[in-house]
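Topology and contacts: notes
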Amino acid sequence: MLERDIEKTFYSQEQIQDRIKVLGAAISNDYADKNPLVVGVLKGAVPFLADLVRSMNIHMEMDFMDVSSYGNATVSSGEVRILKDLSTVVEGRHIIIVEDIIDSGRTLRYLVDLLLHRKAASVKIVTMLDKPEGRVVDMEADYIGFEVPNEFVVGYGLDYAEDYRNLPYIGVLKPEIYENN
Ligand SMILES: O=P(O)(O)OC[C@H]1O[C@H](OP(=O)(O)OP(=O)(O)O)[C@H](O)[C@@H]1O
Ligand SMILES: Nc1nc2[nH]cnc2c(=O)[nH]1
């Protein structure tokens, strides 16, 4: 059972779903006639993106990028690599990047700069979680689900060594989970 490994819950399934309805309504209002390209950052953003787009009552397109700076570690390597690029032409498009978390800010700094370089008409960020204390580079999201303290969180897309992504809420693991690895 996944639940047994969780020390404490930060945000419940119900809190997450309620917050997503608010975010989806705000984004729908701001992008009503813009046919935005919603860019999900694999793999962590998948559960959030799946729920968020269904709360957006506007025309939109979806694409995915896979970038990695963590591997199996709980601390960023500092180097961002593209593992899978978009299949959509970005020039002239209004882009909404969907992330599960902003921590050091390196992943999003890299992606925003890349998409602006490709001549996107605009680039905005929606993140489920913001960890302001983790910031190493300057980066702020335009839409934020919740703030989290400077702890390694899992669930709702966020993994530890690829595990726990399917937990439907957000929490922290018991210390022994790390000790056993
Ligand atoms: O602000 P940062 O310090 O850059 O951290 C945020 C990034 O870290 C995680 O990705 P990860 O590289 O672990 O890939 P994953 O989504 O496949 O788990 C997360 O999904 C964000 O993309
Ligand atoms: N699972 C997980 N991935 C992250 N990537 C950056 N910060 C975090 C975090 O707190 N948890």
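As the structure is a prediction and not an experimental result, all values here were calculated from the model.

**Re the overall build of the protein chain**
- Scanning the protein chain for helices and strands turns up 4 helices and 9 strands.
- Overall, the protein chain shows an N-to-C arrangement of helices and strands of β-α-β-α-β-β-β-α-β-β-β-β-α.
- Rg of the C-alpha trace for the protein chain: 16 Å, near the compact-globule value of 16 Å for 181 residues, within the 12% margin.
- Considered along the principal axes of its C-alpha atoms, the protein chain spans approximately 50 × 35 × 25 Å.
- Sorting the 181 residues of the protein chain into buried and exposed places 34% on the buried side.

**Quick look at the sheet that holds strand 9 (residues 170–173)**
- Taken in spatial order, the 3 strands of this open sheet run 1-9-8, and their pairing is antiparallel. Single-partner strands in this sheet number two, and they are strand 1 (6–11) and strand 8 (153–154).
- In terms of strand pairing, strand 8 meets strand 9 through 2 bridges, oriented antiparallel. Bridge pairing in strand 9 links Val154 to Gly171.

**Focus: the nonpolar core**
- Among the nonpolar cores identified, the biggest contains 43 residues, and Val39, Leu52, Ile95, Ile96, Ile97, Val98 and Val153 are the most heavily contacted of them.
- Looking at this core, the element that brings in the most residues is strand 5 (residues 94–102), giving 6 residues.
- Each residue touching Ile97, except ones within four places of it in the same chain, is listed here: Val39, Val41, Leu108, Leu111, Val123 and Ile125.

**Focus: the site of ligand 2**
- The full set close to ligand 2 counts 9 residues, and Ile101, Asp103, Phe152, Val153 and Leu158 are the nearest of them.
- Classifying every residue of the shell around ligand 2 by side-chain character gives 7 nonpolar, no polar and 2 charged.

**Focus on unusual backbone geometry**
- Geometrically, the link from Leu42 to Lys43 is a cis peptide bond, its omega value of -5 degrees lying close to zero.
- Checked against the element boundaries, Lys43 lands in the loop between strand 2 (37–42) and helix 2 (46–53).

**Focus: the sheet that holds strand 4 (residues 81–84)**
- Across the sheet, 6 strands lie side by side as 4-3-2-5-6-7; this open sheet has mixed pairing. Strands with a single pairing partner mark the edges of an open sheet, and in this sheet they are strand 4 and strand 7 (143–147). Within the sheet, the average angular offset between the axes of one strand and its neighbour, ignoring direction, is 30 degrees.
- Relative to strand 5, strand 2 runs parallel, the two sharing 4 bridges. By the bridge assignment for strand 5, Val39 is matched with Ile97.
- Across the sheet, helix 1 (residues 13–30) touches strand 5, strand 6 (122–130) and strand 7, and the angle it forms with strand 7 is around 160 degrees.

**Looking at the pairing of strand 2**
- Most of strand 2 is tucked away, with 5 of its 6 residues classed as buried.
- In this sheet, strand 3 (residues 61–68) lies alongside strand 2 in parallel orientation, the contact comprising 6 bridges. Note that in strand 3 the partner of Val41 across the bridge is Met65.

**Re the confidence of the model for the protein chain**
- Per-residue confidence for the protein chain gives a mean pLDDT of 95; residues scoring 70 or more make up 95%.
- Across the assembled chains, the prediction reports ipTM 0.97 with pTM 0.95.

**A word on the environment of Leu111**
- Structurally, Leu111 can be placed in helix 3 (residues 106–117).
- Given 22 C-beta atoms within a 10 Å radius, Leu111 is considered buried.
- As a C-alpha pair, Leu111 and Leu167 span 56 residues in sequence and 27 Å in three-dimensional space.
- Among residues more than four places away in sequence, those in contact with Leu111 are Val41, Met65, Val67 and Ile97.

Parameters and conventions
Residues numbered from 1 in each chain as written. Chains lettered and ligands numbered in written order. Predicted model: local features only at pLDDT ≥ 70, side-chain atom pairs only at ≥ 80, totals over all residues. Helix = DSSP H or I, 4+ residues; strand = E, 2+ residues; numbered from the N terminus. Rg over C-alpha atoms; globule rule 2.2 N^0.38 Å. Buried ≥ 20, exposed ≤ 12 C-beta atoms within 10 Å, placed from the backbone. Pairing = 2+ DSSP bridges. Core = buried A, V, L, I, M, F, W, Y, C linked by C-beta atoms within 7 Å. Contact = placed C-beta atoms within 7 Å. Near = placed C-beta within 6 Å. Nonpolar A, V, L, I, M, F, W, Y, C, P; charged D, E, K, R; others polar. Axes fitted to C-alpha atoms, helices over the stretch in contact; angles between N-to-C directions. pLDDT = per-residue confidence, 0-100.

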